Amino acid sequence: MNTTDSKYVLDLSPEDYQKATVEVAFLLDAFASTIDNIMGGNTAPVGRIAGRDTANKLPINLTDPTLQDIVNVLSEQMHAGFDFSLNDDEMLFKSCIIREMCGLRKIETGGALCRLFHSYFDGIVNGLICRPVKSAIVSVGDECRLQTAVQ
């Protein structure tokens, strides 16, 4: 398949992108809410399992990485939707597409969707560092802070 052929080029308007963003926000909200209801609020195992699975598929090969090494690599990989950094054991999410999705759906930042995402992120880090990782949301808002521990 030649993706430069005009029959494969999509001509999307800003309105098309906005509609898609609203639809993705709806689906993420439904997904996280359903998992939260099924799991009785304990969504961390689901997120971590999915994150470890993702880590196995990432084109990343680090030798004896530190948490800082992994955060640096993931920050580069995920820059289209996130701007995050690590300072000691505190993760700072300056911008976050999940936060934007919460805003679109008018759902609580730091709620089910955020908890599921951060468990997923922990699972990715766990898969890359080969040690259990656990984050706890410290504060939410225009920037979100998490306390992150590697065991």
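Residues numbered from 1 in each chain as written. Predicted model: local features only at pLDDT ≥ 70, side-chain atom pairs only at ≥ 80, totals over all residues. Heavy atoms only, no water.

Caption draft 1: Fine view of empty space enclosed by the protein. Scanning the model with the defined rule gives one cavity of 30 Å³ or more in all. The calculated volume of the largest cavity comes to roughly 80 Å³. If you go around the largest cavity, the residues you meet are F93, C96, I98, R99, T109, C114, F117, H118, I137, V140 and C144. Top element by residues in the lining of the largest cavity is helix α5 (residues 112-129). It accounts for three residues. Grouping the amino acids of the lining of the largest cavity by side-chain chemistry returns eight nonpolar, two polar and one charged. (1 Å grid on protein atoms, 1.4 Å probe; cavity = no way out; pocket = protein on both sides within 12 Å on 5 of 7 lines; lining within 4 Å. Points joined across faces, edges and corners; volume = space filled by probe spheres on them. Helix = DSSP H or I, 4+ residues; strand = E, 2+ residues; numbered from the N terminus. Nonpolar A, V, L, I, M, F, W, Y, C, P; charged D, E, K, R; others polar.)

Caption draft 2: Broad picture of the sheet that holds strand β2 (residues 90-96). Strand order across the open sheet formed by four strands is β1-β2-β4-β3, with antiparallel pairing between neighbours. If you trace the sheet from one side to the other, it starts and ends with β1 (82-87) and β3 (133-139), each paired once. In this sheet, neighbouring strand axes are inclined to one another by 25° on average, regardless of whether the strands run parallel or antiparallel. Note that β3 and strand β4 (residues 144-150) share six bridges and pair antiparallel. Looking across to β4, one finds that K134 is bridged to A149. Seen against the sheet, helix α4 (residues 97-105) touches β1, β2 and β4 and runs at an angle of roughly 55° to β2. (Pairing = 2+ DSSP bridges. Axes fitted to C-alpha atoms, helices over the stretch in contact; angles between N-to-C directions. Contact = heavy atoms within 4.5 Å.)

Caption draft 3: Seen up close, the environment of I70. Tracing the chain through its elements places I70 in helix α3 (residues 67-77). For the pair I70 and N126, spaced 56 residues apart in sequence, the C-alpha separation works out to 9.8 Å. Once residues lying within four places of it in the same chain are set aside, the contact partners of I70 are L62, P65, V125, L128 and I129.

Caption draft 4: Local environment of the pattern of salt bridges. Per the stated rule, a full pass over the model turns up five salt bridges. Ionic pairing is found between D29 and R105, a salt bridge with its closest N-O pair at 3.2 Å. Of this pair, D29 sits in helix α1 (residues 14-39) while R105 sits in helix α4, and the two are 76 residues apart along the sequence. We note a salt bridge from R115 to D36, for which the minimum N-O separation is 3.3 Å. You can see R115 sitting in helix α5 and its partner D36 sitting in helix α1, a full 79 residues away along the chain. (Salt bridge = Lys/Arg side-chain N within 4 Å of Asp/Glu carboxyl O.)

Caption draft 5: Fine view of the side chain of S119. Tracing the sequence through the fold places S119 in helix α5. In this structure S119 comes out as buried when scored by relative accessible area, which is 7%. Residues in contact with S119, not counting those within four places in the same chain, are A44, G47 and R48. (Buried < 20%, exposed > 50% of the residue type's maximum accessible area, 1.4 Å probe, protein only.)

Caption draft 6: Expanded view of the packing of α1 against α5. Following both chains from N to C, one finds α1 and α5 inclined at 85°, their axes separated by 9 Å at the closest point. When the axis of α1 is compared with that of α5, the two are roughly perpendicular. Note on element contacts: α5 touches α1 through A112, L113, R115 and L116, opposite L28, F31, A32, I35 and D36. In the contact of α1 with α5, the residues fall into seven nonpolar, no polar and two charged. (Parallel < 35°, antiparallel > 145°, perpendicular 65-115°, else oblique.)

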